[in-house]
Amino acid sequence: MVGLRRIPKPRGEHHGILERLLRGVNMRSIAPLAVIILIALASLEAVSVPQPEGLTLIYEVSNAPGSGERCLTARLHSPTAVELLKSLGVQPANLFYVEFRRAGAETVKAGCYVGFDKGLITIKVLKVESGSYIVNYTLVLENLTLICYSWSIKHAEELFGISNWSELTPSEYSASAGEVKLTRTLRISKEGAVIDSRGRDLGDWVFWLNEVSGLMTVLLYPVKFVAHGMALAGMATVVRYSPELRASHDYTVGGVVIPHWRIVRTAVVPECRLRTVISCGGDDDFRRVVEFSKRLESRWEAAGLKLRVVPSNRTLIWENVHLLEGAARSYRRLRGPLLLRIPSRKVNCTSVTYWYYVACGGLGWALSPVNEVELVYDSKTGVLLEVKQLGTEGWKPGVLPAPLSNYFMLEDGTYPIWYSLTCNYTIRLVSSSLYEEGQAASAVPDAPSLTAAVTAGLMMLTGAVLALHRIRRVTRFSERGSS
């Protein structure tokens, strides 16, 4: 044949090694196999990390400087709190308002202003059992000052263990202590549900990753809520674990630096709608709704809502990809979807919405972000590094998440709901037995993780094997052409 010349076989040590690797290998199956292996290796980043018995985690709770104009709670309570504290000659570093609520109850006025200089959360794993952990959960507040309304003193005494009160006004009393320690023994299930000593379901555990899925953490707020005519016990914030959300900076815990590339951030799911279908009777109405929806598309995309337009039957569909992912993975607390049909008066269109609520503790909770928070995790150890409140706007109160609220439910089922009066709080890991300096080499390696290294190596090997396979095919083709 003309135009083809014989290509000599490549010689060399490396080619000989790869040749031996290729012997007996079905080349048609190696690429799919490599993809499967890569996917399996990548999924290791999302697997829960078992925690050892004796594990200790210490977090600092603090109010970062903020503006009282940023949230409703601050506007209602800050002036009164500051005035009362000044009358006592106290200027605490942190200032919160604690409201005592029962799930599903009407709004209550009972509450306390809580000022303290330092707050620490200590968690210790007492025992590891099959499918669960027994943990001691303790909150220590230093240089505490309480100012409570008279009708909230009973609950305040149970929560804080303080009984010596001084009357400020006929309806307001104060108390103080150098140190107050609140402690509970909790059982954490394999799936991450928190159960107290009385067997009550307190929501989800946030201090380490458990069975990680698209939707992973439910934070409960017993603020009575009526959704679409259905009376619910309160509201729940669902936090989505997203391996693609990486931190932009390193974290330091106990002198050990945790590199940013292995730190994962979570995102709040701000929508309870699973799917909304809008059907219009006329072309003009359909066009107007499409134009309006397109203007909302970029804003709602951040919430996980994707728009699909079907001109053939004058229909628009909004789908919540975050909730669809959670439903596909059978997230244990999601219930529904429920159906709500709303005809529009402005256009000849009908909107049908399928929405979820959260089932927890035998009660229904509206899926709504009472508070926008971010939880930051170390993907290697699985532990929580930080909880911080994001920018709060409008009516949303600065409510602390479950660590201070749900886990200290009182004997009669009352929740102490903590409000940050600066609307800008953090709960940050400052010390842990996982991050001791003497264990830095094993606990926090400076090099990329084994998963990343093996993945990179497999990709290089796969590329080399496929390249050599192409060379062999060309060589055989050339040999046939020369004969």
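Here the structure is shown first, and the text comes after it.
Predicted, not measured: the structure shown is a model, and the values here were computed from it.

Quick notes on the overall build of the chain
The secondary structure content of the chain amounts to eight helices and 26 strands. Of the roughly 23,300 Å² of accessible surface on the chain, a fraction of 54% belongs to carbon and sulfur atoms.

What about the state of the cysteines?
Throughout the structure, instances matching the rule amount to two disulfides. Between the sulfur atoms of Cys 112 and its disulfide partner Cys 148 the distance amounts to 2.1 Å. An S-S torsion of about 110 degrees defines the bridge between Cys 112 and Cys 148 as right-handed. Of the two residues, Cys 112 sits in strand β3 (residues 111–116) while Cys 148 sits in strand β5 (residues 132–149), which places them 36 residues apart along the sequence. A disulfide bridge connects Cys 280 with Cys 349, and the sulfur atoms are separated by 2.1 Å. Between Cys 280 and Cys 349 the disulfide shows an S-S torsion of about 105 degrees. By sign, it is right-handed. Pair noted here: Cys 280 is in strand β17 (residues 273–280) and Cys 349 is in strand β21 (residues 349–360), with a separation of 69 residues, a long-range link.

Regarding the pattern of salt bridges
By the definition in use, this model includes 17 salt bridges. Salt-bridge contacts for Glu 129 lead to Lys 127; the nearest nitrogen and oxygen are separated by 3.6 Å. Judged by relative accessible area, which is 28%, Glu 129 ranks as partly exposed. According to the relative accessible area criterion, Lys 127 is partly exposed, its value standing at 44%. Because the salt bridges share partners, they merge into one network encompassing Lys 127, Glu 129 and Arg 187.

Description of unusual backbone geometry
A positive phi angle, close to 50 degrees, is found at Asn 143, a residue other than glycine. Relative accessible area serves as the criterion here: at 43%, Asn 143 is assigned to the partly exposed category. The backbone of Arg 314 shows a phi angle near 50 degrees, a positive value even though the residue is not glycine. With relative accessibility at 27%, the residue Arg 314 sits in the partly exposed group.

Some thoughts on the nonpolar core
Within soluble globular proteins, side chains that are nonpolar tend to cluster in buried spots. One finds Val 114, Ile 123, Phe 160, Trp 205, Phe 207, Trp 208 and Leu 385 to be the most contacted residues of the largest nonpolar core, which totals 101 residues. When sequence neighbours within four positions are dropped, the list of residues in contact with Phe 160 reads Val 114, Leu 141, Leu 144, Leu 146, Val 180, Leu 182 and Trp 418. Core analysis: the second largest hydrophobic core is formed by 11 residues, Ile 278, Phe 286, Val 347 and Cys 349 among them.

Focus: helix α5 (residues 283–301)
Taking 1.5 Å as the rise per residue, α5 with 19 residues should run 27 Å; its terminal C-alpha atoms sit 26 Å apart, in good agreement. The largest bend in α5 is about 35 degrees, located at Arg 295. Within the span of α5, buried status applies to Asp 285, Phe 286, Val 289, Val 290, Ser 293 and Leu 296. On its buried side, α5 packs onto β17, β18 (305–310), β19 (315–320) and β21.

Thoughts on the environment of Thr 252
Here Thr 252 is to be found in strand β14 (residues 251–253). Measuring from C-alpha to C-alpha, the distance between Thr 252 and Leu 429 comes to 8.9 Å, with 177 residues separating the pair along the chain. Not counting chain neighbours up to four residues away, the residues in contact with Thr 252 comprise Val 257 and Arg 428.

Here we look at the environment of Leu 296
In this fold, Leu 296 is placed in helix α5. For Leu 296, a relative accessible area of 11% translates into the label buried. In this structure, the C-alpha to C-alpha distance between Leu 296 and Leu 307, residues 11 residues apart in sequence, is 9.5 Å.

Digging into the packing of aromatic side chains
This structure, assessed with the given rule, holds 18 aromatic pairs. Taking 5.9 Å as the distance between ring centres and 50 degrees as the angle between the ring planes, the aromatic pair formed by Tyr 137 and Phe 207 counts as tilted. Taken together, the positions of Tyr 137 in strand β5 and Phe 207 in the loop between β9 (201–204) and β10 (215–221) put the pair 70 residues apart, joining distant regions of the chain. By relative accessible area, which is 0% here, Tyr 137 ends up buried. Taken together, the aromatic side chains of Tyr 59, Tyr 133, Tyr 137, Trp 205, Phe 207, Trp 208, Tyr 407 and Phe 408 make up a single cluster linked through ring pairs.

Looking at the pairing of strand β2 (residues 94–102)
With respect to burial, β2 is a largely interior element, eight of its nine residues being buried. By the bridge criterion, six bridges tie β2 to β3 in an arrangement that is antiparallel. Directly across from Tyr 97, in β3, lies its bridge partner Tyr 113. Two strands pair when backbone bridges link them, and β2 and strand β25 (residues 414–420) are joined in this way by seven bridges, in the antiparallel orientation. Residue pairing in the sheet places Tyr 97 in a bridge with Tyr 419 of β25.

About the thresholds
Residues numbered from 1 in each chain as written. Predicted model: local features only at pLDDT ≥ 70, side-chain atom pairs only at ≥ 80, totals over all residues. Heavy atoms only, no water. Helix = DSSP H or I, 4+ residues; strand = E, 2+ residues; numbered from the N terminus. Areas by Shrake-Rupley, 256 points an atom, 1.4 Å probe, with all protein chains shown as cover. Disulfide = S-S within 2.5 Å. Salt bridge = Lys/Arg side-chain N within 4 Å of Asp/Glu carboxyl O. Buried < 20%, exposed > 50% of the residue type's maximum accessible area, 1.4 Å probe, protein only. Core = buried A, V, L, I, M, F, W, Y, C linked by side-chain atoms within 4.5 Å. Contact = heavy atoms within 4.5 Å. Expected span 1.5 Å × (residues − 1). Bend = angle between axes of the 7 residues up to and from the residue. Phe/Tyr/Trp six-rings, centres within 6.5 Å; stacked < 30°, edge-to-face > 60°. Pairing = 2+ DSSP bridges.

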